[in-house]
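Residue-level structure breakdown
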Amino acid sequence: MIEYPAAPDTPRSHLPFSPCTRVGDLIFVSGQASVDATGQIISDSFEGEMRRSIENLRKVLETAGSDLAHVVQTRNYVRDASDLAQFNAIYPDYFREPYPARTTITNCLTEALRYEIECIAVVKAT
């Protein structure tokens, strides 16, 4: 069975996609960017956008029955390659060893965004 977990405070986009999809014990989270609860982009420094994006990811995961500790893979989109050192310095604030599998792509976002993250996670055991 496919579920689409969402709560009133789950960050949502005005675009046609769900914040996440849950299939059994797997959760697939759509790309989370630096947006507010209504999906409006909040421009900030790279660090500010990265932290807001990961906090949005955290909210989506919690709604679906998981958390950052249960993420098995992340895909990260960094607009400017010059931000990679800062990205690698901030990442361990949210993900611990052994780290999830990870892909990072640079020079791929529009001027509107500096960072975006998506993930695959498992449901927390109850």
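Reference entry: report on the structure contained in this document. What you see is a predicted model, and the numbers here were worked out from it, not measured in a lab. (Residues numbered from 1 in each chain as written. Predicted model: local features only at pLDDT ≥ 70, side-chain atom pairs only at ≥ 80, totals over all residues. Heavy atoms only, no water.)

The next subject is the overall build of the protein. Within the protein, the regular secondary structure consists of 2 helices and 6 strands. A compact globule built from 126 residues should have a C-alpha radius of gyration of about 14 Å, and the protein, at 14 Å, falls within 12% of that. Overall, the C-alpha framework of the protein stretches about 40 × 35 × 20 Å when taken along its three principal axes. In the protein, buried positions account for 39% of the 126 residues. Counted over contacts in the protein with a minimum sequence separation of 6, partners at least 24 positions apart contribute 71%. Surface exposure of the protein reaches about 6700 Å², of which carbon and sulfur atoms provide 52%. Between the centroid of the 12 positive side chains of the protein and the centroid of its 17 negative side chains there is a distance of 2 Å. (Helix = DSSP H or I, 4+ residues; strand = E, 2+ residues; numbered from the N terminus. Rg over C-alpha atoms; globule rule 2.2 N^0.38 Å. Buried < 20%, exposed > 50% of the residue type's maximum accessible area, 1.4 Å probe, protein only. Contact = heavy atoms within 4.5 Å. Areas by Shrake-Rupley, 256 points an atom, 1.4 Å probe, with all protein chains shown as cover. Lys, Arg positive; Asp, Glu negative; His and termini not counted. Charge placed at Lys NZ, Arg CZ, Asp CG, Glu CD.)

By the definition in use, this model includes 5 aromatic pairs. Ring geometry for Phe 46 and Tyr 115: centres 5.9 Å apart, planes at 80°, overall edge-to-face. Separated by 69 residues along the polypeptide, Phe 46 in helix H1 (residues 46–63) and Tyr 115 in strand S6 (residues 115–122) bring together distant segments of the chain. One exposure class covers both Phe 46 and Tyr 115, and it is buried. Their ring planes at 50° and their centres at 6.3 Å tell us that Tyr 91 and Tyr 99 sit as a pair that is tilted. Cluster of aromatic residues (ring-pair linked, three or more members): Phe 46, Phe 87, Tyr 91, Phe 95, Tyr 99 and Tyr 115. (Phe/Tyr/Trp six-rings, centres within 6.5 Å; stacked < 30°, edge-to-face > 60°.)

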